[in-house]
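Spelled out from the first residue to the last, the chains are:
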Amino acid sequence: MTASSHPAHRTLGVGLISVGWMGRLHSKAYESIRFAYPEATFRPRLVVAADAVQANADYAVDVLGYERSTLDYRDVLADPEVDVVSICAPNFLHREFALAAAEAGKPFWIEKPTGRNAEETADIVGAAAAAGLVTGVGFTYRQAPAIQHAKRLVRDGALGEITNVKVSLLADYSADPLGAFTWRYETARAGSGVLGDLLSHGVDLASQIVGEADSVTALTQTVIGERPVPQHATVGHQLASDDDPKRAVENEDYASLLVRFRDSKAVGFFEASRVAVGPRSDYSIEVFGTEGSLKWTFARMNELEVCLGRGGDTHGYTTVLAGPGDGDYSHFQPGAGISMSFDDLKTIEAYQFLQSVVTGEQVAPSVADALAAARVVEAAEASAADGAWHRVTRD
Ligand SMILES: NC(=O)c1ccc[n+]([C@@H]2O[C@H](COP(=O)([O-])OP(=O)(O)OC[C@H]3O[C@@H](n4cnc5c(N)ncnc54)[C@H](O)[C@@H]3O)[C@@H](O)[C@H]2O)c1
């Protein structure tokens, strides 16, 4: 037997609320920390999961490896063996669950858009602050090593002065008219549609690279007016049957925004759709400056297209492959150019959240970042309603 060279670990008991797509992925991410971050001074332990649907609660124990499950989220928060909580519920439950977690003094990693609207997100920010808790938020794409590379290039001035940005989030997850009517299409349970669901990711990406939005004008559209209501429990995006009863979609499938940035001459065009036929999950950001430009797209998330300087026979984009030195890449692959995955980005998120909990220093994206994005969505909704430019609220 040889003595381990790794430090003693503090165990962090994990409680999960909602065992849908994100709940399952949060669980996998916690489990992956020990492989990606063997040097971490903590080890998550999957203690208890709650879901309102018995089959999903059972899945947490049978498949994900939680020690126990419950149908009531309050059991998770009351459990003395739970140190941290993942909140992966539909948007309409975020506020209730986050405020209860704060009341119980449990730091939480919550999914975006973190409430149905900016008011609810602000309540969550206030509760976490009052309880002195660090938080995590599922702004997954900012963790991509190529995005971290882009951030560094812009911060170092390699692109010169930033003039404009184009952010595009085109998905087809709602493109099939038989896509089941779920909480996502109901204002009372989701809040906005593609604005909160996808555009919030784009706003966060732009805030990382270019800065915060100052004012926006927007238009929105609902393309598929009604959807079949499934007669069984669904997870993620599933189809229903044409025979199922139909219900009217209450929020937008498509949004486009013109944006002015704060403390900058930069302007932007943002577009988001959940009904785009063709692009599957085509999330991209292009940044243009006086000395160069760059382009990143999620479908090729380990690549960054970069053009520095102008003119010459070889003028054009160079494909830079992410590698060690870019964000947390080296925790996943030893050499440059080896692909990482969406799930890896979630592992980075999980690690940053728990690292924030252990050190007390907020290194993960926080609920305050979620509020910044929610306020852009709020301004976009106001503009879509009256056609005017709207300032983005700030504290
Ligand atoms: N970061 C990302 O990239 C990303 C991707 C997808 C979804 N999300 C966000 O994650 C959240 C969840 O989305 P999802 O795709 O996992 O949804 P989902 O529909 O797959 O899962 C939701 C789960 O919540 C459960 N639930 C409903 N009411 C409950 C209650 N009272 N108590 C406990 N559980 C309850 C459902 O049974 C279901 O298992 C949303 O806010 C969504 O916007 C983020």
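Criteria and cut-off values
- Residues numbered from 1 in each chain as written.
- Predicted model: local features only at pLDDT ≥ 70, side-chain atom pairs only at ≥ 80, totals over all residues.
- Heavy atoms only, no water.
- Helix = DSSP H or I, 4+ residues; strand = E, 2+ residues; numbered from the N terminus.
- Contact = heavy atoms within 4.5 Å.
- Buried < 20%, exposed > 50% of the residue type's maximum accessible area, 1.4 Å probe, protein only.
- Polar contact = N/O pair within 3.5 Å; in protein donor to acceptor, adjacent residues only side chain to side chain.
- Domains from an automatic or database assignment.
- Buried area = accessible area lost by both parts, 1.4 Å probe.
- Salt bridge = Lys/Arg side-chain N within 4 Å of Asp/Glu carboxyl O.
- Nonpolar A, V, L, I, M, F, W, Y, C, P; charged D, E, K, R; others polar.
- Axes fitted to C-alpha atoms, helices over the stretch in contact; angles between N-to-C directions.
- Parallel < 35°, antiparallel > 145°, perpendicular 65-115°, else oblique.
- Pairing = 2+ DSSP bridges.
- Phe/Tyr/Trp six-rings, centres within 6.5 Å; stacked < 30°, edge-to-face > 60°.
- Lys NZ or Arg CZ within 6 Å of the ring centre and 35° of its normal.

## Some words on the environment of I338
- Here I338 is to be found in the loop between strand 16 (318-321) and helix 9 (342-359).
- Between the alpha carbons of I338 and G323 there is a distance of 7.8 Å; along the sequence they are 15 residues apart.
- Every residue in contact with I338, bar those within four places of it in the chain, is listed here: N302, Y329 and Q333.

## Considering the side chain of E111
- Within the fold, E111 resides in the loop between strand 5 (108-110) and helix 5 (118-130).
- You can call E111 buried: its relative accessible area is 5%.
- A polar contact is formed between the side chain of E111 and the side chain of K346, at a distance of 2.7 Å.
- Setting aside residues up to four positions removed in sequence, E111 forms contacts with M22, H26, I87, C88, H94, G138, K346 and E349.

## Focus on the domain arrangement of the protein chain
- Under the domain assignment used here, the protein chain contains domain 1 (10-140) and domain 2 (142-391).
- Taking only C-alpha atoms, the centre of domain 1 and the centre of domain 2 are 23 Å apart.
- Taken together, the contact between domain 1 and domain 2 spans 49 residues of the former and 51 residues of the latter.
- Here domain 1 and domain 2 share an interface that buries about 4100 Å² over both sides, 70% of which is from carbon and sulfur atoms.
- For the domain 1 face of the interface with domain 2, the top three residues by lost area are Y37, F139 and T140, together amounting to 21%.
- Here domain 1 is connected to domain 2 by 3 salt bridges.
- When the shortest N-O distance is used, the salt bridge between E111 and K346 registers 2.7 Å.
- Our enumeration of links across domain 1 and domain 2 arrives at 16 residue pairs in polar contact (both at pLDDT 80 or more).
- For the side of domain 1 that touches domain 2, the secondary structure elements donating two or more residues are strand 1 (10-17), helix 1 (21-36), strand 2 (42-50), strand 4 (84-87), strand 5, helix 5 and strand 6 (135-137).
- Of the residues forming the side of domain 1 that touches domain 2, the biggest block, 11 residues, is contributed by helix 1.
- Tallied by class, residues from the side of domain 1 that touches domain 2 come to 30 nonpolar, 12 polar and 7 charged.

## What to know about the packing of helix 6 (residues 145-155) against helix 8 (residues 194-209)
- Viewed as axis vectors pointing N to C, helix 6 and helix 8 meet at an angle of 40°, and their least axial separation amounts to 8 Å. Considering the angle they form, helix 6 stands oblique to helix 8. For the pair helix 6 and helix 8, the contacting residues are I147, A150, K151 and V154 in the first and L205, Q208 and I209 in the second.
- Among the residues forming the contact of helix 6 with helix 8, the class breakdown is 5 nonpolar, 1 polar and 1 charged.

## Considering the pairing of strand 12 (residues 267-273)
- In this structure, strand 7 (residues 162-171) lies alongside strand 12, joined through 7 bridges in parallel fashion. Bridged to L170 within strand 12 is S273.
- Alignment of strand 11 (residues 254-261) against strand 12, held across 7 bridges, turns out to be antiparallel. When the sheet's bridge partners are listed, L258 is paired in strand 12 with F269.
- Hairpin geometry of strand 11 and strand 12 is characterised by an intervening segment of 5 residues between the two adjacent antiparallel strands and by a positive phi of about 55° at D263.

## Focus on the packing of aromatic side chains
- In this structure the tally under the stated criterion is 14 aromatic pairs.
- With 6.2 Å between their ring centres and 90° between their planes, Y37 and F332 make a pair best called edge-to-face. Of this pair, Y37 sits in the loop between helix 1 and strand 2 while F332 sits in the loop between strand 16 and helix 9, and the two are 295 residues apart along the sequence.
- When the ring centre of W389 is taken as reference, the NZ or CZ atom of R260 above it lies at 4.0 Å.
- When the ring centre of Y317 is taken as reference, the NZ or CZ atom of K295 above it lies at 4.9 Å.

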